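# Coordinate analysis (summary)
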Amino acid sequence: MSAFERIFTPENMQFMVKGAGYSLLVAICALAGGSVLGLLAAMARMGKNKIARAIANVYVEVIRGTPMMLQILLLYLGGPVITRTLFHYVFTPNPILVGTIAIAINSGAYSTELFRSAIQSVDKGQWEAAKTIGLTHKQTLREIILPQAFKRILPPYINEFIVLIKDSSLLSTIGAAELLQRADVLGAKFYNYLLPLLFATVAYLVMTLTISYFARRLERRLAESD
Amino acid sequence: MIKAVHLSKHFGNVKAVDDVSLHIHKGEVVCIIGPSGSGKSTLIRCLHGLEVPDSGELYVNDKLVDFSKDTTKDLAHIGFVFQLFNLFPHKTVLENLTLGPVKAGGVPQKQAEETAIKLLTRVGLAEKANDYPASLSGGQKQRVAIARALCQSPEVILFDEPTSALDPEMIGEVLNVMKELADEGMTLAVVTHEMGFARKVADRVIFVDGGKIVEEGTPDQIFDAPQSDRLKLFLSQVIHM
Ligand SMILES: Nc1ncnc2c1ncn2[C@@H]1O[C@H](COP(=O)(O)OP(=O)(O)O)[C@@H](O)[C@H]1O
Ligand SMILES: [Mg+2]
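The structure presented is a predicted model; accordingly, all values stated were derived computationally and were not measured.

### Some points on the sheet that holds strand S8 (residues 187-191) of chain B
Residue and element names in this part refer to chain B. Spatial strand order, S6-S7-S8-S3-S9-S10: six strands in an open sheet with mixed pairing. At either margin of the open sheet sits one strand with a lone partner, and together these are strand S6 (78-81) and strand S10 (212-217). In this sheet, neighbouring strand axes are inclined to one another by 15° on average, regardless of whether the strands run parallel or antiparallel. Strand direction decides the pairing type here: strand S3 (residues 29-33) and strand S9 (residues 204-209), joined by four bridges, are parallel. From the neighbouring strand, Cys-31 faces S9, where its bridge partner is Val-205.

Okay, here's the thing in structure tokens:
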């Protein structure tokens, strides 16, 4: 039996595809969580509250100024130490869950600027018109500003999604069962790293290229409605 | 209706509005004229809280407007029409009109739509209800903006150079709509360079220069018997047609 046949059995293929599914899931959840954090931080940075602004600034600077790997390790390995010391609470963190949270926190810091510049690029007259028809600040954001900012944000936002799919591979180092970690597991099992890693390569490419293909189509559609 | 008392507003060391007092009465049409940079926009924007005055008081129906708080609700029944329309590009014409009444006024969607269609008919654009602003001409956009202001059931509508961004052939259609509103007894305050409109439609004309009201009176007084040198100079510059 060739190495190819030994490694790419139906069970192993399923094992890898499931890993790719986890990678995608991590990226989607991190993108969603990061969007919420990014939007909040963007609002805080543009708002009047000095304390909120300071917290948002520290958040963005700390996250952007340190490696993502470090952030993942800090949360995964450092988190339990903190809960043990402070609350005498001992637990073994779920690597996928904690890793996803770490990536979401990281992504949020990067999307803060994305959101802020998109919101600020909406014409000031839109805020003024909304005010003259009686809309509150919140209603104006929801009804008028964010929908227009969204259109501008879409291309970099989808790029962020692709970045997150790739970043999710960092979770292999804390043993989260995503695509790269599973390639690693198979490689060790069959004393052949090349084939599982090539499989992972193709799987990442299928995910990222599919997303950018649909992103380009969506962009073209949106451009038409202008 | 709207009373401004000793209103001032400066930007850096520019006194855009300098101790202006002004009273707009119910049913009155007031036109504000003056050279570019004289503070006309800043003055009319202060009347809707789009600029917060540094000092002075603003009364709407004898109620003092508290600028230290959000003024949106206090000023909800004042309409505003911008030079650049400021329609919401991602909403249809109808949605542009119903948004305020539904979201801020608590009017049921269906009723808001009926009112909106009525008002669109009044400005001659009922057939555009489901179009997006991008597909309209400048004159049509401004008529939609006027209809949007009317949806607030405004007691007064403020205009900041509503025809200055329009191609000449579209100015008439917008001025006609405004004249109809005036004829129906709507209270209007209009910053404008259209001296013909001011002369025909205004009850009172206010000449602003250097952030101050330099002269005010009936159109006849202002255009036929200007007193101050500055107004005479201004008129000689704009009325050379
Ligand atoms: N947002 C602003 N920031 C700084 N200066 C401003 C601002 N708005 C207006 N000004 C200044 O205030 C003065 C009056 O402006 P404006 O009210 O727009 O005059 P007008 O509408 O009569 O042309 C001008 O000198 C202008 O440059
Ligand atoms: Mg102006």
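### Considerations on the interface of chain B and chain A
The partner chain A presents 18 residues to the 23 residues of chain B that form the contact. Approximately 1,800 Å² of surface area, both sides summed, lies buried where chain B meets chain A, with 58% of it carried by carbon and sulfur atoms. Connecting chain B to chain A are three salt bridges. With a closest N to O distance of 2.6 Å, Arg45(B) and Glu128(A) form a salt bridge. In this structure, the connection of chain B to chain A is made through 11 residue pairs in polar contact (both at pLDDT 80 or more). Listed by contribution, the elements that provide at least two residues to the side of chain B that touches chain A are S6 and helix H2 (93-104) of chain B. Ranked by the residues each element gives to the side of chain B that touches chain A, the list is headed by H2(B), at four residues. When the residues that make up the side of chain B that touches chain A are grouped by side-chain class, the tally is nine nonpolar, eight polar and six charged.

### What to know about the state of the cysteines
All names here are of chain B. Counted under the stated rule, the structure contains zero disulfides over all chains. Left unpaired, Cys-46 is separated from the closest cysteine sulfur, that of Cys-31, by 19 Å. Here Cys-46 falls in the buried class, since its relative accessible area comes to 1%.

### Points about the packing of helix H2 (residues 10-46) of chain A against helix H7 (residues 137-167) of chain A
Residues and elements named next belong to chain A. As a packed pair, H2 and H7 sit with axes 11 Å apart at the nearest point and diverge in direction by 140°. The orientation of H2 relative to H7 falls into the category oblique. With respect to the hand of their crossing, H2 and H7 are arranged in right-handed fashion. For the pair formed by H2 and H7, the contact residues are Leu-24, Ala-27, Ile-28, Ala-30, Leu-31, Ser-35, Leu-39 and Met-43 on the first element and His-137, Leu-141, Leu-146, Tyr-157, Glu-160, Phe-161, Leu-164 and Ile-165 on the second. Of the residues belonging to the contact of H2 with H7, the class tally is 13 nonpolar, two polar and one charged.

### Brief notes about the site of ligand 1
All names here are of chain B. The full set of residues close to ligand 1 is Phe-11, Val-14, Ala-16, Pro-35, Ser-36, Gly-37, Ser-38, Gly-39, Lys-40, Ser-41 and Thr-42. In this structure, Gly-39 approaches ligand 1 through a main-chain N or O atom, which is 3.0 Å from an oxygen atom. Between an oxygen atom of ligand 1 and a side-chain N or O atom of Ser-41, the distance comes to 2.7 Å. A total of 560 Å² of accessible area belongs to ligand 1 in isolation, and the protein chains cover 59% of it.

### Side note on the confidence of the model for chain B
Scored by pLDDT, chain B comes out at a mean of 94, with 99% of its residues at no less than 70. Taken together, the chains of this predicted complex give a pTM of 0.84 and an interface ipTM of 0.93.

### Observations concerning unusual backbone geometry
A negative phi angle is the norm for most residues apart from glycine, just as the trans form is the norm for most peptide bonds. Residue and element names in this part refer to chain B. Despite not being glycine, Ser-153 shows a phi value in the positive range, around 45°. By secondary structure assignment, the location of Ser-153 is in the loop between helix H4 (138-150) and strand S7 (156-160). With relative accessibility at 52%, the residue Ser-153 sits in the exposed group. Not every positive phi belongs to a glycine, and Glu-161 is a case in point at roughly 45°. Note that Glu-161 resides in the loop between S7 and helix H5 (168-183).

### Digging into the pairing of S3(B)
Within a regular strand, the side chains alternate between the two sheet faces. All names here are of chain B. Across the five residues of S3, five count as buried, placing the element largely inside the fold. Residue alternation in S3 divides its side chains into two sets, Val-29, Cys-31 and Ile-33 and Val-30 and Ile-32, and both sets are buried. The pairing of S3 with S8 spans four bridges and is parallel. Residue pairing across strands places Val-30 opposite Ala-189, the latter belonging to S8.

Calculation rules
- Residues numbered from 1 in each chain as written.
- Chains lettered and ligands numbered in written order.
- Predicted model: local features only at pLDDT ≥ 70, side-chain atom pairs only at ≥ 80, totals over all residues.
- Heavy atoms only, no water.
- Pairing = 2+ DSSP bridges.
- Helix = DSSP H or I, 4+ residues; strand = E, 2+ residues; numbered from the N terminus.
- Axes fitted to C-alpha atoms, helices over the stretch in contact; angles between N-to-C directions.
- Contact = heavy atoms within 4.5 Å.
- Buried area = accessible area lost by both parts, 1.4 Å probe.
- Salt bridge = Lys/Arg side-chain N within 4 Å of Asp/Glu carboxyl O.
- Polar contact = N/O pair within 3.5 Å; in protein donor to acceptor, adjacent residues only side chain to side chain.
- Nonpolar A, V, L, I, M, F, W, Y, C, P; charged D, E, K, R; others polar.
- Disulfide = S-S within 2.5 Å.
- Buried < 20%, exposed > 50% of the residue type's maximum accessible area, 1.4 Å probe, protein only.
- Parallel < 35°, antiparallel > 145°, perpendicular 65-115°, else oblique.
- Left-handed = near helix turned anticlockwise from the far one by under 90°.
- Near = heavy atom within 4 Å.
- Areas by Shrake-Rupley, 256 points an atom, 1.4 Å probe, with all protein chains shown as cover.
- pLDDT = per-residue confidence, 0-100.

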